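Close look at the chain arrangement
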Amino acid sequence: MTLDDRLENVAIIGAAGKMGSGIGVLIAQEMARLKLKPENKDKIYRLNLIDISESALDGLRGYMKAQLVKRTEKSTVLLRRIYENRKDLVENADIINAFVDASSAVLNFTTDLNTVKNAHLIFEAIVENEKIKIKVYKKLKKLCSNDTLFLTNTSSIPISYLDEKAGLDGRLIGYHFYNPPVVQRLVEVITAKTTIEELENIGQEIGKRLRKKLVPANDISGFIGNGHFIRDGLYAISEVERLKGKYRYPGAVYIMNRITQDFLVRPMGIFQLIDYVGIDVFQCILKVMRTYLGDKTLKSKLVDKMVKQNALGGQYADGSQKDGFLKYERNRPVGIYNFRKQEYFIIEDKWKKKTDAKIGPLPDGFAPWKSLLMNPKKEDALSKHFDNLKKMDTLGAGLAINFLKKTKEIGEKLVSDGIANSSDDVNAVLTNGFYWLYGPINNYI
Amino acid sequence: MSFFRKKIYACAGFNTVSLGSGRKEFHPKKPRPGIEHYIKEAGLGTIEQIENPANIDEGVIGNFVAERFCKQGNLGGFFPIVHPTFQYKPCIRVEGACDSGGLALVVSIKTILADLADVILAIGVEIQNSVKAIYGADYLAAAGWYSGERKKGHAYFFPDQFSQRAGACFEKFGYDKIRAGMSQWYVNAIENARKNPKAQEFHNKNPELYATGMTSPNPKVFCEYINVFDCSKVSDGGSALLFASEEGLKKIGVDKKDAVEVVAYAQVQDNLTTPPPDLTKLSTCEIAAKRAYERAGIKPEDLSVLDVHDCFTIAGVLAIEAAGVAGYGEGADFIKDGKTKTDGVIPTNATGGLIGYGHPTGATGVRQAVDVVHQLLNKAEECQVNIHPDRPFGMMSSMGGNDKTVAAMVFRKTE
């Protein structure tokens, strides 16, 4: 069965979640593109968007409509060519509406898992919990034909383990999209030893069709993305523990968040990133990695405490950040969680100035992440930035240099442990999936 | 002999901020002022500089496509909001695509020459940020021939028209040379805009302008031969300028030394249903400039300042050739050699042009005239260039469509 055949009927399990909904948009558009080919005009395409509650599906309807429009607007240049024989479609608006209608026409929103029975390709993006995943895969195995292929969006659970427990006979591959899948170019592809060749090839082909950057990772819990991010986060937390005596707890979190954002020129500080992912998700991935890697250091009391106190981070439906380690207003940190008092310490100007003075100035000629993003000579600018940083003798510069070393060490260990095939793959995940301007394995340190 | 049967002057003049991406106060999701606001702000900014606004006889409003961007027609109806005494005075709206502002200047002058008025307030205005650029491209495509060209045209219709011109120039004169000229044009535009607080690129702090200008085109999402930095901005803005006869100047209490003389104009219309005769030339702009010089009795070398319609960097390159300051095929080198910079042979687009200041389409022609007038009056502040005593002339040339509708106007410093 070719990918084109399989794309006639696809199901997404956990379709209303952050990842499932994004994958839905991408696949719906690919189906619409196929349907527009003259040879496919009589075929019926169906994308079954399956989730457990009607209210979640209601939210999904709104999301799909908005995203389909947004993405179609961005592909109008190409679509004008595809629709060149449709004389009635003249303006961009005509063309965009037509393609959004075509993509919407394939969608089937449902809570009924039985709709998977005709699907030839299934994307699974449910909660990151191996027991629930295995239970669902067992059901799917019963409902689907024995040549249906499965792509799991797990970011940490070993693929061969899931495959074996659910008895999928190699019809499972790790296909880890990054959040949000409609925007992020990166997909980590985890081909397990068990994965059959046909699925491996289909995975490559889907990546090409969706114009994703595929990076291979080996089937070791956490893979590259979480393998790096989780350890980076734990290092930041250990620094907070070390600094909290001198700078108090809120001060230490503020300092490390600022070091990682400004001094390391990242899109957001490490604690804001943990909040963005969700502290409960962070805890859950830690647990999975601890279990499968047998590494007891993959644990954080602070994280456990935050989850217990229900300070969870995450995002609202519109993508804006929920309060976690930090409190947000318009996605900007305005406070820091104090777990003793169970309330947010509000960052006031005076306190901020005082703490910034302790951190010390940024290196000369500092340019923030956003301004370097579009700078065609960003490599030179970063070189200069880190050279200047190394010459400084301040709290901030010291912490930043140590962080840079640690982050490099984590990256190198992913290669030496056989999780990543090369430093380039590690760097590709961090630059594409986390929007870093530079990979962790670099010559700046 | 003078081209006009009587003396015509331009004075006062005001540009609003060109609002859009690049300006710190701009946020696409925040509410913004409407078209009536810009008409009022530009109009008031101008009449506040004179003693007797009640003696303004008429209004002319240049606007391209408010019916689509703002769902608003009958723009003349906003003239009375500028000043209470404008109630029941004549006002007409004129349209000629991106040359609508240029046509507003021309109509103002014609009315005065016809002895129907002594003082006219010309206003140009456009709102473009009301929709995303992909839909705005549809609206702006109306400057081309809809039934003959739109269907086969590109999603970004006008950028593509000029991308094709860039491609033709690359082929004829060599890629490196033309591309260097285009990128240098971008550098100059931003550097000049940084001196103009009203400019959309006023806040631009990019230290690598030339490298940015050289960004590779991405034909999958945009055009084949140009990048987004080669394009003028999506802008909201308004401009206004007063035109008066000698008698009119007295009526509004403006001294001749605070006005400049309009010595000639040429308005030229090409056939919208025929393709440009030569993609490597702005033939209509060239005719307009030649006629304007001839009518003014001057040569390009007599200009101290020039403002051309650089809706794209390649249009800037071709426009200075059309204006006769650089020879055919020599525009790119002329720019690369710094000859259009504010301290160069012929300071061009000293306030940023359409790429640096912005391009609120219907306002642009008026904005260009305001800036040339301010230069000749030595009122251009940070953007001021040297007006040579033996070269007391300035020219603006404004273009609508793909070199279809052009207005060129020559101004002279008063004695």
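Residues numbered from 1 in each chain as written. Chains lettered and ligands numbered in written order. Predicted model: local features only at pLDDT ≥ 70, side-chain atom pairs only at ≥ 80, totals over all residues. Heavy atoms only, no water.

Some details on the overall build of chain B
Of the regular secondary structure elements, chain B holds 14 helices and nine strands. The C-alpha atoms of chain B give 20 Å as radius of gyration, which agrees with the globular expectation for 415 residues (22 Å, within 12%). Taken along its principal axes, the extent of the C-alpha atoms in chain B is 55 × 50 × 40 Å. A burial count over chain B gives 62% of its 415 residues as buried. For chain B, long-range pairs separated by at least 24 residues make up 79% of all intrachain contacts whose partners lie at least 6 apart in sequence. Carbon and sulfur atoms make up 53% of the accessible area of chain B, which amounts to about 15500 Å² in all. (Helix = DSSP H or I, 4+ residues; strand = E, 2+ residues; numbered from the N terminus. Rg over C-alpha atoms; globule rule 2.2 N^0.38 Å. Buried < 20%, exposed > 50% of the residue type's maximum accessible area, 1.4 Å probe, protein only. Contact = heavy atoms within 4.5 Å. Areas by Shrake-Rupley, 256 points an atom, 1.4 Å probe, with all protein chains shown as cover.)

Things to note about the interface of chain B and chain A
Contacts between the two partners involve 22 residues from chain B and, on the opposite side, 23 residues from chain A. The junction of chain B with chain A conceals about 1700 Å² of combined surface from both sides, 52% of it contributed by carbon and sulfur atoms. There are three salt bridges connecting chain B and chain A. Where chain B packs against chain A, one counts 15 residue pairs in polar contact (both at pLDDT 80 or more). Looking at the side of chain B that touches chain A, the elements that each hand over two or more residues are α4 (133-140), α5 (146-150) and α8 (209-213) of chain B. When residues in the side of chain B that touches chain A are grouped by element, the largest group, four residues, is from α4 of chain B. Partitioning the side of chain B that touches chain A into residue classes produces twelve nonpolar, three polar and seven charged. (Buried area = accessible area lost by both parts, 1.4 Å probe. Salt bridge = Lys/Arg side-chain N within 4 Å of Asp/Glu carboxyl O. Polar contact = N/O pair within 3.5 Å; in protein donor to acceptor, adjacent residues only side chain to side chain. Nonpolar A, V, L, I, M, F, W, Y, C, P; charged D, E, K, R; others polar.)

Quick word on a positive patch on the surface
Taken together, the side chains of Arg248, Lys301, Lys305, Arg340 and Lys341 of chain A define a basic patch exposed on the protein surface. Position of Arg340 of chain A among the secondary structure elements: in the loop between β10 (332-338) and β11 (343-346). (Patch = residues over 30% accessible without salt bridge, like charges linked within 9 Å, V, L, I, M, F, W, Y side chains within 5 Å. Lys, Arg positive; Asp, Glu negative; His and termini not counted. Charge placed at Lys NZ, Arg CZ, Asp CG, Glu CD.)

As for the domain arrangement of chain A
Residues and elements named next belong to chain A. The domains assigned to chain A are domain 1 (3-217) and domain 2 (225-433). In this complex, domain 1 contributes 19 residues to the contact, which on the side of domain 2 involves 18 residues. Both sides of the domain 1 and domain 2 interface together cover about 1500 Å² of buried area, and 55% of this is carbon and sulfur. Linking domain 1 to domain 2 there are zero salt bridges. On inspection of domain 1 and its partner domain 2, the count reaches four residue pairs in polar contact (both at pLDDT 80 or more). The set of elements that each furnish at least two residues to the side of domain 1 that touches domain 2 consists of β7 (186-190) and β8 (213-217). When residues of the side of domain 1 that touches domain 2 are assigned to their parent elements, the largest contribution, four residues, is made by β8. The residue inventory of the side of domain 1 that touches domain 2, partitioned by class, reads nine nonpolar, four polar and six charged. (Domains from an automatic or database assignment.)

Here's the deal with the sheet that holds β10 of chain A
Residues and elements named next belong to chain A. Spatial ordering of the open sheet is given by β9-β10-β11, a layout of three strands whose pairing is antiparallel. Every interior strand has two partners, whereas the edge strands, β9 (326-329) and β11, have only one. In this sheet, adjacent strand axes meet at a mean angle of 40° when their direction is disregarded. Two elements, β10 and β11, share four bridges in a ladder whose sense is antiparallel. (Pairing = 2+ DSSP bridges. Axes fitted to C-alpha atoms, helices over the stretch in contact; angles between N-to-C directions.)

Topic: helix α11 (residues 279-293) of chain A
Structurally, the α-helix is built with 3.6 residues per turn, so residues lying three or four positions apart point the same way. Residues and elements named next belong to chain A. With 15 residues, α11 should cover 21 Å at 1.5 Å per step; its first-to-last C-alpha distance of 21 Å lies within 8% of that length. Listed in full, the buried residues belonging to α11 are Ile279, Phe282, Ile285, Leu286, Val288 and Met289. Those residues of α11 that are buried are in contact with α6 (130-143), α9 (225-263), α10 (270-277) and α12 (301-308). Just downstream of α11, Gly294 is the residue with a positive phi angle, here 60°. (Expected span 1.5 Å × (residues − 1).)

What about the pairing of strand β5 (residues 237-245) of chain B?
Successive side chains on a regular strand alternate, one facing one side of the sheet and the next facing the other. Residues and elements named next belong to chain B. Across the nine residues of β5, nine count as buried, placing the element largely inside the fold. Where burial is concerned, the two faces of β5 agree: the one with Gly237, Ser239, Leu241, Phe243 and Ser245 and the one with Gly238, Ala240, Leu242 and Ala244 are both buried. Pairing of strand β1 (residues 8-15) with β5 involves six bridges; the strand directions are antiparallel. Note that in β5 the partner of Ile8 across the bridge is Ser245. Sheet topology note: the strand β4 (residues 119-126)/β5 ladder contains eight bridges and is antiparallel.

A word on the domain arrangement of chain B
All names here are of chain B. Here chain B is partitioned into domain 1 (8-132 + 234-259) and domain 2 (153-232 + 263-413). On a C-alpha basis, the centroid separation for the pair domain 1 and domain 2 is 22 Å. Listed by partner, the interface residues are 50 residues for domain 1 and 38 residues for domain 2. Approximately 3000 Å² of surface area, both sides summed, lies buried where domain 1 meets domain 2, with 58% of it carried by carbon and sulfur atoms. On inspection of domain 1 and its partner domain 2, the count reaches zero salt bridges. Inspection of the region where domain 1 meets domain 2 yields 22 residue pairs in polar contact (both at pLDDT 80 or more). Breaking the side of domain 1 that touches domain 2 down by element, the ones donating at least two residues are β1, α3 (100-113), β4 and β5. Broken down by element, the side of domain 1 that touches domain 2 gets its largest block of residues, nine residues, from α3.

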